[in-house]
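A look at the structure
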There are 2 protein chains.
Amino acid sequence: MQTGILYGIGVGPGDPELITLKGLRLLKQVPVVAFPEGRGKTGMAQEIVAQWLSPHQVQLPLDFAFVRDETLLAQAWEIAAQKVWHYLQQGQDVAFVCEGDISFYSTFTYLAQTLQQFYPDAIVQAIPGICSPMAAAAALGVPLTVRHQRLAIVPALYAPDELETALDWADVVVLMKVSSVYDRVWQILQRRQLLKQSWVVERVALPNQVIYSDLSDRPHLQLSYFSLLIVQVK
Amino acid sequence: MQTGILYGIGVGPGDPELITLKGLRLLKQVPVVAFPEGRGKTGMAQEIVAQWLSPHQVQLPLDFAFVRDETLLAQAWEIAAQKVWHYLQQGQDVAFVCEGDISFYSTFTYLAQTLQQFYPDAIVQAIPGICSPMAAAAALGVPLTVRHQRLAIVPALYAPDELETALDWADVVVLMKVSSVYDRVWQILQRRQLLKQSWVVERVALPNQVIYSDLSDRPHLQLSYFSLLIVQVK
């Protein structure tokens, strides 16, 4: 018997209508739909696709631990891979959905790599999705990049000089998950006189999306986890 | 009478199934569909959406000149904006389609900005699309970025040290439109021993997509215009 295929489907940043036709077709045709388990509430990817699922489909929440301990992480990924392989080895296809794009800071990477490590026969296919920087630019009504502009995307700040280097190199800088470092970032942008060319988009493409344009008067912002900052440097 | 809305729709990198549900809904409901005119052949965006259009829809090819002369460019954009405004002022919505994402190195930016400059009443809405770096990573079956990786996207190389700086700064580097500078890039990647961690994807998500993995034995490649290179630096 042939094993099933694991489809990794990027379902976009929040608006269920931002899934691709291909993602939706595969999502509807598989018997099993997996997603990262929400912590205490419905996970974001699960919520985005909820309206597209039928009661006949198995829903498979997977725990990705979200801790820093590498051993605990590896254990969580192995258990997730086992759960998925359980269906694949029976010949059933599984769709793993995640918010945004599937290759861009996605939990899918850990699942796919662990699955292929323990079960080398596993077949994996990735379906790209709309990532949040593109969705944010569209929401702002500004281009993300034009012509010869260089783009730097920084997942978060771990060294104070990291943003400085990015601002030196790039024409446009995107800071993902900016909430925990916003105040520090603001200081750097103020010193470089870039606050007027900076935007924050919180929960892009969700019903409660918030846009902050021109950050000059906003040295402090209480932002949710899904917030990004775009700086037009040059 | 209310003026129409200009929708900018990113239709993805090539596979017509990679348009979003939202993009397709708007594309089907507008009376006028505009796109960049192909040079001597059908334009790429026009080809991607061809199967979704009905004979009742006006098809409006727009000439974006694609020259370096700024005056000629500005003239072309103004004529394109006039053509679009002709329908908008009659209350008809226009969808402008372009390949990839609408905010990411897109001709839509010039159309939208020129339109709003000459016709400040014009209403513009952008619908994001799948950009080629994400589609390429999905096609390769590798993550584009994970964890704390910094991503640098370079549209093309105009100074020899530009790639060097990107490789120093980023964990992952994407070179868009790499065809004209491939040989030079190869030399730099060889010196840095990065050829085994580099991929070229040509015409991603099109039926004639070609993937080159491990560039060690490929100092020269004849590539088409829509080719990009991904380097996993660290």
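Residues numbered from 1 in each chain as written. Chains lettered and ligands numbered in written order. Predicted model: local features only at pLDDT ≥ 70, side-chain atom pairs only at ≥ 80, totals over all residues.

Another aspect to go through is the overall build of chain A. Across its full length, chain A carries 7 helices and 10 strands. For 234 residues, the compact-globule estimate of 2.2 N^0.38 gives 17 Å, and chain A sits close to it at 19 Å. Along the first, second and third principal axes, the C-alpha atoms of chain A reach 65 × 40 × 35 Å. Taking all 234 residues of chain A together, the buried fraction comes to 47%. A fraction of 68% describes how many contacts in chain A between residues 6 or more apart in sequence connect residues 24 or more apart. (Helix = DSSP H or I, 4+ residues; strand = E, 2+ residues; numbered from the N terminus. Rg over C-alpha atoms; globule rule 2.2 N^0.38 Å. Buried ≥ 20, exposed ≤ 12 C-beta atoms within 10 Å, placed from the backbone. Contact = placed C-beta atoms within 7 Å.)

Attention now goes to the domain arrangement of chain A. Residues and elements named next belong to chain A. The domain architecture assigned to chain A consists of domain 1 (5–127) and domain 2 (132–232). On a C-alpha basis, the centroid separation for the pair domain 1 and domain 2 is 28 Å. Counting from both sides, the interface comprises 7 residues of domain 1 and, opposite them, 8 residues of domain 2. Its residues assigned to classes, the side of domain 1 that touches domain 2 shows 3 nonpolar, 3 polar and 1 charged. (Domains from an automatic or database assignment. Nonpolar A, V, L, I, M, F, W, Y, C, P; charged D, E, K, R; others polar.)

We now examine the sheet that holds strand β1 (residues 5–10) of chain A. Residues and elements named next belong to chain A. The strand order β3-β2-β4-β1-β5 describes an open sheet built from 5 strands, whose pairing is parallel. In this open sheet, the two edge strands, each paired with only one partner strand, are β3 (58–62) and β5 (123–127). Taken pair by pair, the neighbouring strands of this sheet meet at an average axis angle of 25 degrees, ignoring direction. Relative to strand β4 (residues 94–98), β1 is paired through 5 bridges, and the arrangement is parallel. Paired with Ile 9 across the two strands is Val 97, which belongs to β4. Strand contacts of helix α4 (residues 108–118): β1, β3, β4 and β5, with the helix running at about 165 degrees to β1, the strand carrying the most contacts. (Pairing = 2+ DSSP bridges. Axes fitted to C-alpha atoms, helices over the stretch in contact; angles between N-to-C directions.)

Our next topic: the interface of chain A and chain B. Listed by partner, the interface residues are 41 residues for chain A and 41 residues for chain B. Of all the secondary-structure elements, those providing two or more residues to the side of chain A that touches chain B are α1 (21–29), β5, α5 (132–140), β6 (151–154) and α6 (161–169) of chain A. In this structure, β6 of chain A lies alongside strand β6 (residues 151–154) of chain B, joined through 3 bridges in antiparallel fashion. For Leu 151 of chain A, the partnering residue across the bridge sits in β6 of chain B and is Ile 153 of chain B.

Once that is clear, we can look at the relation of the copies chain A and chain B. Note on the identical chains: chain A maps onto chain B by a rotation of 180 degrees and an axial translation of 0.0 Å, with an RMSD of 0.0 Å. As the rotation angle and translation indicate, the two copies are arranged about a two-fold axis. Most of the interface of chain A is mirrored in chain B: 100% of its interface residues are interface residues there too. (Least-squares fit on C-alpha atoms with pLDDT ≥ 70 in both.)

Attention now goes to α4 of chain A. Considered for burial, the residues of α4 of chain A that qualify are Phe 108, Thr 109, Tyr 110, Leu 111, Ala 112, Thr 114 and Leu 115 of chain A. Contacts from the buried residues of α4 of chain A go to β1, β3, α3 (70–88), β4 and β5 of chain A.

Turning to unusual backbone geometry, a few remarks are in order. You will see that Arg 147 of chain A, though not glycine, has its phi angle at about 45 degrees, which is positive. Looking at Arg 147 of chain A, the number of C-beta atoms within 10 Å reads 11, which means it is exposed. Notably, Phe 66 of chain B is not glycine yet its phi reads approximately 50 degrees, a positive angle. Tracing the backbone through its elements, the reader meets Phe 66 of chain B in the loop between β3 (58–62) and α3 (70–88).

Here we come to the pairing of strand β7 (residues 172–175) of chain A. Residue and element names in this part refer to chain A. Alternating residues of β7 divide into Val 172 and Val 174 and Val 173 and Leu 175, and every residue in both groups is buried. Pairing of β6 with β7, which is carried by 4 bridges, proceeds in the parallel orientation. Counted as the bridge partner of Ala 152 is Val 173 from β7. As paired elements, β7 and strand β10 (residues 227–232) share 4 bridges and run antiparallel to each other. Its bridge partner lying in β10, Val 172 is registered against Gln 232.

Once that is clear, we can look at the confidence of the model for chain A. Considering every residue of chain A, the mean pLDDT works out to 95; 99% of them sit at 70 or more. With pTM at 0.96, the complex prediction returns an ipTM value of 0.95. (pLDDT = per-residue confidence, 0-100.)

What follows deals with the pairing of β3 of chain A. Residue and element names in this part refer to chain A. With 5 bridges connecting them, strand β2 (residues 32–36) and β3 associate as parallel partners. Bridging across to β3, Pro 36 finds its partner in Leu 62. Note that the unit made of β2, helix α2 (residues 44–49) and β3 has a crossover that is right-handed. (Right-handed = clockwise from strand over helix to strand, strands pointing away.)

All names here are of chain B. Spatially, β3-β2-β4-β1-β5 is the arrangement adopted by the 5 strands of the open sheet, whose pairing is parallel. Bordering the open sheet on either side are β3 and β5 (123–127), each of which pairs with just one other strand. Across this sheet, the average inter-strand angle for adjacent strands is 25 degrees, counted without regard to direction.

Most often, soluble globular proteins keep nonpolar side chains buried together rather than apart. Membership of the largest hydrophobic core comes to 161 residues, with the highest contact counts inside it found for Phe 96 of chain A together with Phe 96 of chain B. If we skip the residues at most four places from it in the chain, Phe 96 of chain B touches Leu 6, Tyr 7, Gly 8, Ile 9, Ala 34, Phe 35, Phe 108 and Leu 111 of chain B. (Core = buried A, V, L, I, M, F, W, Y, C linked by C-beta atoms within 7 Å.)

With 8 of 9 residues buried, α5 of chain A lies mostly within the body of the structure. Taken together, the buried positions of α5 of chain A are Ser 132, Pro 133, Met 134, Ala 135, Ala 136, Ala 137, Ala 138 and Ala 139 of chain A. Residues of α5 of chain A that are buried sit in contact with β6, β7, β8 (198–202), β9 (210–213) and β10 of chain A together with β5 of chain B. Once α5 of chain A ends, the next one or two residues include Gly 141 of chain A, with phi positive near 70 degrees.

All names here are of chain A. Assignment of secondary structure puts Val 33 in strand β2. Residue Val 33 is classed as buried on the basis of its C-beta count, with 24 C-beta atoms lying within 10 Å. C-alpha separation for the pair Val 33 and Ile 130, spaced 97 residues apart in sequence, amounts to 19 Å.

Residue and element names in this part refer to chain A. Running from N to C, α3 and α4 point in directions that differ by 70 degrees, and their axes come no closer than 9 Å. For the element pair α3 / α4, the angle class is roughly perpendicular. Listed contacts from α4 to Trp 77, Glu 78, Ala 80, Ala 81, Val 84 and Trp 85 of α3 are Tyr 110, Leu 111, Thr 114, Leu 115 and Phe 118. Tallied by class, the residues present in the contact of α3 with α4 amount to 9 nonpolar, 1 polar and 1 charged. (Parallel < 35°, antiparallel > 145°, perpendicular 65-115°, else oblique.)

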